[in-house]
Amino acid sequence: MRGAGEPPSPGAQPAATGGEAGEDSRRGPAADTPMGSERMEMRKRQMSTTQETPGTAQAQHSTGNRGSNACCFCWCCCCSCSCLTVRNQDEERARRTSHELQAEGIPNCEESPAPTLEEVNAWAQSFDKLMLTPAGRNAFREFLRTEFSEENMLFWMACEELKQESNKSVIEEKARLIYEDYISILSPKEVSLDSRVREVINRNMLEPSQHTFDDAQLQIYTLMHRDSYPRFMNSAIYKDLLRSLSEKSIEA
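To keep things clear, this report deals only with the structure shown in the data block. (Residues numbered from 1 in each chain as written. Predicted model: local features only at pLDDT ≥ 70, side-chain atom pairs only at ≥ 80, totals over all residues. Heavy atoms only, no water.)

### Details of the packing of helix α6 (residues 134–146) against helix α7 (residues 150–163)
Point 1. One can describe the packing of α6 onto α7 by two numbers: an axis separation of 7 Å at closest approach and a directional angle of 140 degrees. Residues Arg-137, Phe-140, Arg-141, Leu-144 and Arg-145 of α6 pack against Glu-150, Met-153, Leu-154, Trp-156 and Met-157 of α7.
Point 2. Taken together, the residues that form the contact of α6 with α7 break down as 6 nonpolar, no polar and 4 charged. (Axes fitted to C-alpha atoms, helices over the stretch in contact; angles between N-to-C directions. Helix = DSSP H or I, 4+ residues; strand = E, 2+ residues; numbered from the N terminus. Contact = heavy atoms within 4.5 Å. Nonpolar A, V, L, I, M, F, W, Y, C, P; charged D, E, K, R; others polar.)

Take a look at the structure:
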């Protein structure tokens, strides 16, 4: 209780008028309503998301995994993976190409009439006489194949073929193929050459000619003469051929 003209005490709050009190009572519930509705809507959305059908989610997950991993893991035998199909086609094409190149790189035996008894007897006289005839080269090549050194004869024949060429572009192409097939250390058909001859070949390959591999051809020819030829003369291939022709000669 204060007297007239006394200021209000510091802790006292001004009393709300009737109009203000009524306005506050109306504003209170109305202001809380939007917040409550928002929370309810958010809760409903969360519940609807959580209550999604398990089968649908699992199917989507499985489909997603299959789509992402189909290129690497085709676990289902009925699914068709285009990545694996393309990969298999590429591998098959590479194998076919490799086989064709290998078949082209190895020439067939030379066409020649059957050797006579006189020719076969002449082979025993010298290596030069053996290499002089197609029949002699074919028989010797067959023997080299049993010793896994057929590449020596193939290289020698390729060099002989190169010497017959006159077209510059053809010479360059054949020289490159001979180098890749028989000189390169990466080739499975590499022939055995010393370092001096290899240096000569590398210099000659700067401007290939019919005589690019002359030194190498001579070295391989000498190797076959000294190493393989004596064994060929004592081989079953030569002895069987000589005996067969001798029997036919007696019968005739």
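Here the narrative resumes, following the displayed structure.
### Digging into the pattern of salt bridges
Point 1. Across all of its chains, the model carries 12 salt bridges by this definition.
Point 2. Glu-173 is the salt-bridge partner of Arg-176, the closest N and O atoms lying 2.4 Å from each other. Residue Arg-176 and its partner Glu-173 are located together in helix α8 (residues 168–183), separated by 3 residues, close to a single helical turn.
Point 3. The exposure class of Arg-176 is partly exposed, given its relative accessible area of 34%.
Point 4. Judged by its relative accessible area of 37%, Glu-173 falls in the partly exposed class.
Point 5. Across the pair Asp-227 and Arg-231 runs a salt bridge whose closest N-O atoms are separated by 3.2 Å. Of this pair, Asp-227 and Arg-231 both sit in helix α10 (residues 214–233), separated by 4 residues, roughly a single helical turn.
Point 6. Residue Asp-227 is classed as partly exposed on the basis of its relative accessible area, which comes to 37%. (Salt bridge = Lys/Arg side-chain N within 4 Å of Asp/Glu carboxyl O. Buried < 20%, exposed > 50% of the residue type's maximum accessible area, 1.4 Å probe, protein only.)

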